[in-house]
Amino acid sequence: TKQKLWGGRFTGKTDPLMHAFNQSLKYDQRMHDADIRGSIAYAKALTLVGILTKEEEVKITEGLLTVGEEWKAGTFKPEADDEDIHTANERRLSELIGPLGGKLHTGRSRNDQVATDMRLWLLDEVADIESGLKGLIRVMVERADNERDILMPGYTHLQRGQPIRWSHLLLSHAFSFRNDLERLQQLIPRVSVLPLGSGALAGNPFGVDREFLARELGFASVAENSMWGVGDRDFIVEFLMWSSLTMTHMSRLAEDLIIYSTAEFGFVTLSDAYSTGSSIMPQKKNPDSLELLRGKSGRIFGNMAGFMMTLKGLPSTYNKDLQEDKEPLFDAVDHTSASLKIAEGVIATMEVHGDKMRAALTMDVLATDLADYLVRKGIPFRETHHISGRAVALAESRKCQLDNLTLEDYQGLHEKFSEDVLQVFDFEASVERRTAIGGPSRKTLERQISVLRAALAK
Ligand code: ARG
């Protein structure tokens, strides 16, 4: 049997269970491309300091490209002793080009190699996720732009509160995602730090040019401390925190739409493309897409909390515990990026029932406006709040709406009520009065849309 990469000092065999326990190739093979790119850059750096001749570098590079092609074509054949993607690629390289393959790892450790691969891999994924997030925000903005005529009740405590535009609600979620977009963009420079050239822990003894390596691989900066370079996984925690918060927003958006899609509300209907049926109740159309979006948030938090538990208490530099960074990160990337695409599809294709939203507007949601009416006549708000509350109680006792009370009824509550009180009972007018920045009026909605469009352009 072949020798293990680190087999020199060993005489005994690895326990078979331990062998499987230790092996990460099953899941870390998805970094094959990052691993090959890192190695090609490292071969160049070795050439620059005279460890490899140009000819050797070319042979190694061609070999690495072939290994990479094999992964892409699905023809790479893992061997039982391939512990992880790094050993698998090196083993295959040496099969292809002979003992020269053994020069590539000069001054390098899997410790700086794996940290480099993870960062390279994540940078690609983050770019993808950024465009997924923008796609979601974009459909929300488009809908909000097209559906600004639709009025609905805005809720607090899930009780009808004040009239708003449907677009205003939709954009409230879009603003959460806008902040997620900003945060994602802000974490990129902290991912884009090159560990390669840190060696096992104590740096590189052959003087490789790490700034050259960073440029070759597209990193924004170089890890300034080799021990930190190999031991740091904060960039993974930060991404896990980012995805946890983003999925919290996703979950709250999903919850609103789940409630609005019930027959009792009837505000939205999900398209068939994002719904599923019941195996027993033929009439059912369930919002499974939204429930999964809400549900996925739990597993993402779990990835974050779990990996932080792994990190706390680790001694400096590399410890094998760090191999446990991969599955939570991969899982968070996969499920967050799928969630963004599903959410975009749900929002783009759902039907919005403006008539139902409008019908849910009862006059009581104008009770605040009624209080404001008296405020405009000089009465302190604390008093007008009380008077409006008595009007609500009176209407309730008569089983009628606020606009069914007579002028005499109102004047009985306060002498400052006059004919023009009727103008209060207009939902559109209520919304249009809210022209302060952040409000649901047409003008301020316009402003929200342009702020979001500007964020999408960044
Ligand atoms: N598969 C390992 C990981 O993912 C690579 C680094 C191994 N380094 C070591 N010294 N054992 O963390």
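Residues numbered from 1 in each chain as written. Predicted model: local features only at pLDDT ≥ 70, side-chain atom pairs only at ≥ 80, totals over all residues.

Q: For this particular structure, what's the right way to read the overall build of the chain?
A: A tally of helices and strands in the chain yields 18 helices and six strands. What you see for the chain is a C-alpha radius of gyration of 31 Å, clearly larger than the 23 Å of a compact globule of 458 residues, by over 25%. Each principal axis of the C-alpha atoms in the chain carries an extent, and together these give about 100 × 50 × 40 Å. Looking at the chain as a whole, 37% of its 458 residues are labelled buried. Residue pairs in contact within the chain that sit at least 24 positions apart in sequence constitute 75% of those at least 6 positions apart. (Helix = DSSP H or I, 4+ residues; strand = E, 2+ residues; numbered from the N terminus. Rg over C-alpha atoms; globule rule 2.2 N^0.38 Å. Buried ≥ 20, exposed ≤ 12 C-beta atoms within 10 Å, placed from the backbone. Contact = placed C-beta atoms within 7 Å.)

Q: Sorry if this is basic, but what is going on with the site of the ligand here?
A: In the vicinity of the ligand, the contacting residues are Ser-24, Asp-28, Asp-84, Arg-110, Asn-111, Val-114, Tyr-318, Lys-320, Leu-322 and Gln-323. Broken down by element, the residue count for the shell around the ligand peaks at three residues, all from helix 6 (residues 110–146). In terms of residue class, the shell around the ligand is built from three nonpolar, three polar and four charged. Two domains each donate at least three residues to the shell around the ligand, and these are domain 1 (7–106) and domain 2 (111–359). (Near = placed C-beta within 6 Å. Nonpolar A, V, L, I, M, F, W, Y, C, P; charged D, E, K, R; others polar. Domains from an automatic or database assignment.)

Q: How should I be thinking about the domain arrangement of the chain in this particular structure?
A: By a frequent convention, interface size equals the accessible area lost on bringing the separate parts together. Split into domains, the chain comes out as domain 1 (7–106), domain 2 (111–359) and domain 3 (363–425). The gap between the C-alpha centroids of domain 2 and domain 3 is 46 Å.

Q: Quick question: what am I supposed to make of the nonpolar core here?
A: The nonpolar side chains of a soluble globular protein tend to be buried with one another. Counting residues in each nonpolar core, the largest one holds 88 residues, and the members touching the most others are Tyr-42, Ile-137, Met-140, Ala-174, Leu-194, Leu-213 and Phe-239. The biggest single contributor to this core is helix 6, with 14 residues. Summarising the domain contributions, this core has at least three residues from each of domain 1 (7–106) and domain 2 (111–359). Excluding residues that lie within four positions of it along the chain, Phe-239 makes contacts with Leu-122, Leu-187, Leu-329 and Ala-332. Within the second largest apolar cluster, 12 residues are counted, among which are Val-365, Leu-366, Leu-374 and Ala-391. (Core = buried A, V, L, I, M, F, W, Y, C linked by C-beta atoms within 7 Å.)

Q: Which parts of the structure should I look at to understand the UniProt feature "domain: Fumarate lyase N-terminal" (unreviewed entry) in the chain?
A: Here, the residues flagged by UniProt with the feature "domain: Fumarate lyase N-terminal" (unreviewed entry) are residues 8–302. Taken end to end, residues 8–302 comprises 61% helix and 6% strand; its first and last C-alpha atoms sit 40 Å apart. (UniProt positions renumbered as here; feature names shortened; annotations may be inferred.)

Q: Before we go on, may I ask you to explain the environment of Glu-428 in this structure?
A: Summarising the element assignment, Glu-428 is placed in helix 17 (residues 427–432). A residue is classified by how many C-beta atoms lie within 10 Å of it, and Glu-428, with 13 of them, is partly exposed. Remark: the alpha-carbon pair of Glu-428 and Asp-149, spanning 279 residues in sequence, is separated by 9.1 Å.

Q: Mind showing me how you'd approach helix 12 (residues 326–349) here?
A: An α-helix turns once every 3.6 residues. As a result, residues three or four positions apart point the same way. For helix 12, which comprises 24 residues, the first-to-last C-alpha distance of 35 Å matches the rise-based estimate of 34 Å (1.5 Å per residue) to within 8%. Residues Lys-326, Pro-328, Leu-329, Ala-332, Val-333, Thr-336, Ser-339, Leu-340, Ala-343, Val-346 and Ile-347 constitute the buried set of helix 12. Along its buried surface, helix 12 packs onto helix 2 (25–28), helix 6, helix 10 (234–260) and helix 11 (288–311). (Expected span 1.5 Å × (residues − 1).)

Q: What's the story with the UniProt feature "domain: Argininosuccinate lyase C-terminal" (unreviewed entry) in the chain in this structure? I'm lost.
A: Under the feature "domain: Argininosuccinate lyase C-terminal" (unreviewed entry), the UniProt entry names residues 365–432. Between the end C-alpha atoms of residues 365–432 there is a gap of 15 Å, over a span that is 57% helix and 0% strand.

Q: Explain the confidence of the model for the chain to me, please; I cannot follow it from the model alone.
A: Detailed reading of the predicted coordinates is not advisable wherever pLDDT falls low. Here the chain averages 97 in pLDDT, and 100% of its residues register 70 or above. Scoring the predicted complex yields pTM 0.95 and, for the interface, ipTM 0.97. (pLDDT = per-residue confidence, 0-100.)

Q: Sorry, what's going on with the packing of helix 3 (residues 32–48) against helix 5 (residues 85–97) here?
A: Helix-helix packing is described using two parameters, namely the angle between the two axes and the distance between the axes. At a minimum axis separation of 10 Å, helix 3 and helix 5 run at an interaxial angle of 60°. Our classification of the angle between helix 3 and helix 5 gives oblique. Crossing of helix 3 against helix 5: the hand is right-handed. Residue-level inspection shows His-32, Asp-35, Ile-36 and Ser-39 of helix 3 in contact with helix 5, the latter providing Ile-85, His-86 and Asn-89. Residues of the contact of helix 3 with helix 5, tallied by class, amount to two nonpolar, four polar and one charged. (Axes fitted to C-alpha atoms, helices over the stretch in contact; angles between N-to-C directions. Parallel < 35°, antiparallel > 145°, perpendicular 65-115°, else oblique. Left-handed = near helix turned anticlockwise from the far one by under 90°.)

Q: Mind showing me how you'd approach the environment of Glu-62 here?
A: Residue placement: Glu-62 occurs in helix 4 (residues 54–73). Looking at Glu-62, the number of C-beta atoms within 10 Å reads 13, which means it is partly exposed. Sequence spacing of Glu-62 and Arg-233 is 171 residues, and the spatial spacing of their C-alpha atoms is 32 Å.

Q: I tried to follow the packing of helix 3 against helix 8 (residues 210–217) on my own but got confused; where do I start?
A: Packing of helix 3 against helix 8 leaves a shortest axis separation of 10 Å and a crossing angle of 145°. Here helix 3 and helix 8 pass one another in a crossing that is right-handed. Listed contacts from helix 8 to Arg-37, Gly-38, Ala-41, Tyr-42, Lys-44, Ala-45 and Leu-48 of helix 3 are Phe-212, Leu-213, Glu-216 and Leu-217. Taken together, the residues of the contact of helix 3 with helix 8 break down into seven nonpolar, one polar and three charged.

Q: Please clarify how the environment of Asp-145 should be interpreted in this entry.
A: In this fold, Asp-145 is placed in helix 6. Each C-alpha atom, one on Asp-145 and one on Leu-445, is 8.5 Å from the other, the two residues being 300 residues apart in sequence.

Q: I would appreciate a short explanation of unusual backbone geometry in the present structure.
A: Excluding glycine, residues mostly carry a negative phi; peptide bonds, for their part, are mostly trans. We note that His-157 has phi near 55°; this positive angle belongs to a residue other than glycine. Secondary-structure assignment places His-157 in the loop between strand 1 (151–156) and strand 2 (159–165). Assessed through the 6 C-beta atoms surrounding it within 10 Å, His-157 is described here as exposed. For Thr-317, which is not a glycine, the phi torsion comes out positive at approximately 60°. On the secondary structure map, Thr-317 appears in the loop between helix 11 and helix 12.

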